[in-house]
Structures are given as C-alpha cells and as structure tokens.
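# Breakdown of the fold
Here are the chains, one letter per residue:
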Amino acid sequence: QVQLVESGGGLVQAGGSLRLSCAASGRTFSSYDMGWFRQAPGTEREFVAGITWSGGGTYYEDPVKGRFTISRDNAKNTVYLQMNSLKPEDTAVYYCAAGLAGLGTERGRYNYWGQGTQVTVSS
C-alpha cells in the first residue's frame with residue numbers, strides 16, 4: 001500500500017516556474033515507477049512525465065519536453081516535477097501516481113494515486 005500526497009501547486013504567470021512534490025508513505029516506494037498526470041476541466045486525465053523506480057529512466061510527453069523535469073529521491077520517498085516556462089495550457093490539476101507494471105503512459109499501469117494539486121497559469 002502506498003499513499004501519495006502532492007503539494008506545490010499554485011497560481012503563476014506565464015513563463016514562470018513551479019516545483020511539485022509528491023510525498024509517499026510506505027517502505028516500498030523505491031520499488032515503484034512514478035508518473036505525473038494532469039487533468040484540465042472537461043478533459044481526460046493525461047500522462048505528463050514518468051520516472052523508473054531507480055530514477056535511471058524518464059519519459060515526457062511532447063507538450064512538456066524541454067520544460068518539465070521529473071526526479072525522485074528514494075531516501076525521502078518523494079518524487080518531484082520541476083515545471084519551467086509555464087504556459088496557460090499547462091493549467092490543470094496535477095496528480096502523481098505509483099505503479100509496478102513498468103513505466104508507461106497508460107493510467108491503468110498505476111495502482112495508487114494522490115488527491116491532486118491545482119496549477120493555474122495566467123496569461
């Protein structure tokens with residue numbers, strides 16, 4: 001069992017930066033691949049970025065490549081999403097998720113989800 005709690009969301013102007021954190025409970029955090037997803041009003045929840053259990057592999061969707069960076073600190077049971085050069089279209093609720101099925105973009109690969117943190121980017 002893994003419980004996830006996101007933090008770090010907020011309101012930022014276009015071009016600004018935010019760093020999201022996802023704190024996990026449980027001693028098996030380092031076994032899980034982690035993903036960040038986001039969901040804007042009226043849209044499906046979509047994959048943003050993921051990182052393997054060891055931190056040795058990462059994957060980003062095209063809209064955030066070069067602007068977002070995912071990282072993890074297994075000693076602190078925390079995964080991060082550094083978001084730079086934010087755009088209004090990045091506005092969404094951001095969720096972290098944990099899974100054991102291998103890094104991937106499909107929601108079904110992830111067994112545990114946080115409650116989400118709101119990110120709002122003003123133009």
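Notes on the structure in this doc start here.

Procedures and definitions
- In every chain, residue numbers begin from 1 and rise along the written sequence.
- pLDDT decides what is reported in this predicted model: residues at 70 or higher carry local features, side-chain atom pairs at 80 or more are listed and counted, and totals for whole chains, interfaces and linings draw on all residues regardless.
- Each side-chain value is worked out from all heavy atoms of the structure, with water and hydrogens disregarded.
- By definition, two strands form a pair when at least two bridges between them are found by DSSP.
- Strands are runs of DSSP state E lasting at least two residues, helices are runs of H or I lasting at least four, and both sets are numbered from the N terminus onward.
- Between N-to-C directions, angles cover 0 to 180 degrees, with each direction set by a line fitted to C-alpha atoms, over the stretch in contact for helices.
- Pairing of aromatic rings covers Phe, Tyr and Trp, the last counted by its six-membered ring, and requires centre-to-centre distances within 6.5 Å; plane angles under 30 degrees mean stacked, over 60 mean edge-to-face, and any other angle means tilted.
- Only protein chains enter the accessibility calculation, which uses a 1.4 Å probe; a residue whose area is less than 20% of its type maximum is buried, one above 50% is exposed, and one in between is partly exposed.
- Here, a charge over a ring means that NZ of Lys or CZ of Arg falls within 6 Å of the ring centre while also lying within 35 degrees of the ring normal.
- Nonpolar core, defined: a set of buried Ala, Val, Leu, Ile, Met, Phe, Trp, Tyr and Cys residues in which side-chain atoms within 4.5 Å join the residues together.
- Here, two residues are considered to be in contact whenever any of their heavy atoms come within 4.5 Å of each other.
- Note on definitions: salt bridges are taken to be side-chain nitrogens of Lys or Arg within 4 Å of carboxyl oxygens of Asp or Glu.

Turning our attention to the sheet that holds strand 3 (residues 18–24). Spatial ordering of the open sheet is given by 1-3-8-7, a layout of 4 strands whose pairing is antiparallel. Either end of the sheet is taken by a strand with one partner, and the two such strands are strand 1 (4–7) and strand 7 (68–73). Pairs of neighbouring strands in the sheet enclose a mean axial angle of 15 degrees, with direction left out of account. In this sheet, strand 8 (residues 78–83) lies alongside strand 7 in antiparallel orientation, the contact comprising 6 bridges. From the neighbouring strand, serine 71 faces strand 8, where its bridge partner is tyrosine 80.

Despite not being glycine, asparagine 77 has its phi angle at roughly 55 degrees, a positive value. Checked against the element boundaries, asparagine 77 lands in the loop between strand 7 and strand 8. Of note in the backbone geometry, serine 85 takes a positive phi value of approximately 50 degrees without being a glycine. For serine 85, the location among the structural elements is in the loop between strand 8 and strand 9 (92–99).

Quick look at the packing of aromatic side chains now. For the coordinates displayed, the defined rule picks out 6 aromatic pairs. Seen from their ring centres, phenylalanine 37 and tyrosine 110 are 5.3 Å apart, and the 80 degrees between their planes marks the pair as edge-to-face. In this pair, phenylalanine 37 is assigned in strand 4 (residues 33–39) and tyrosine 110 in the loop between strand 9 and strand 10 (112–113), connecting sequence segments 73 residues apart. Using a relative accessible area of 0% as the deciding quantity, one classes phenylalanine 37 as buried. Both rings, one in tyrosine 110 and one in tryptophan 113, keep their centres 6.3 Å apart while their planes meet at 70 degrees; by these two values the pair is edge-to-face. Put simply, the rings of Phe37, Phe47, Tyr59, Tyr110 and Trp113 touch in pairs and so form one group of aromatic residues. Between arginine 45 and the ring centre of tyrosine 95, over which it is positioned, the NZ or CZ distance is 3.6 Å. The ring of phenylalanine 29 is capped by arginine 72, whose NZ or CZ atom sits 4.5 Å from the centre of that ring.

In summary, soluble globular proteins display a tendency toward joint burial of nonpolar side chains. Grouped together as the largest cluster of nonpolar side chains are 28 residues, with contacts concentrated most on Met34, Trp36, Leu81, Met83 and Tyr94. Secondary structure elements with two or more residues in this core: strand 3, strand 4, strand 5 (46–51), strand 7, strand 8, strand 9 and strand 11 (117–122). Once residues lying within four places of it in the same chain are set aside, the contact partners of leucine 81 are Leu18, Arg19, Leu20, Trp36, Val48, Ala49, Phe68, Thr69, Ile70 and Tyr94.

The next point concerns the pattern of salt bridges. Applying the stated rule across the entire model yields 6 salt bridges. Across the pair arginine 38 and glutamate 46 runs a salt bridge, and its minimum N-O distance is 2.8 Å. Given the relative accessible area of 7%, arginine 38 is considered buried. Classification of glutamate 46 as partly exposed rests on a relative accessible area of 38%. Residues joined in a network through salt bridges with shared partners are Arg38, Glu46, Arg67 and Asp90.

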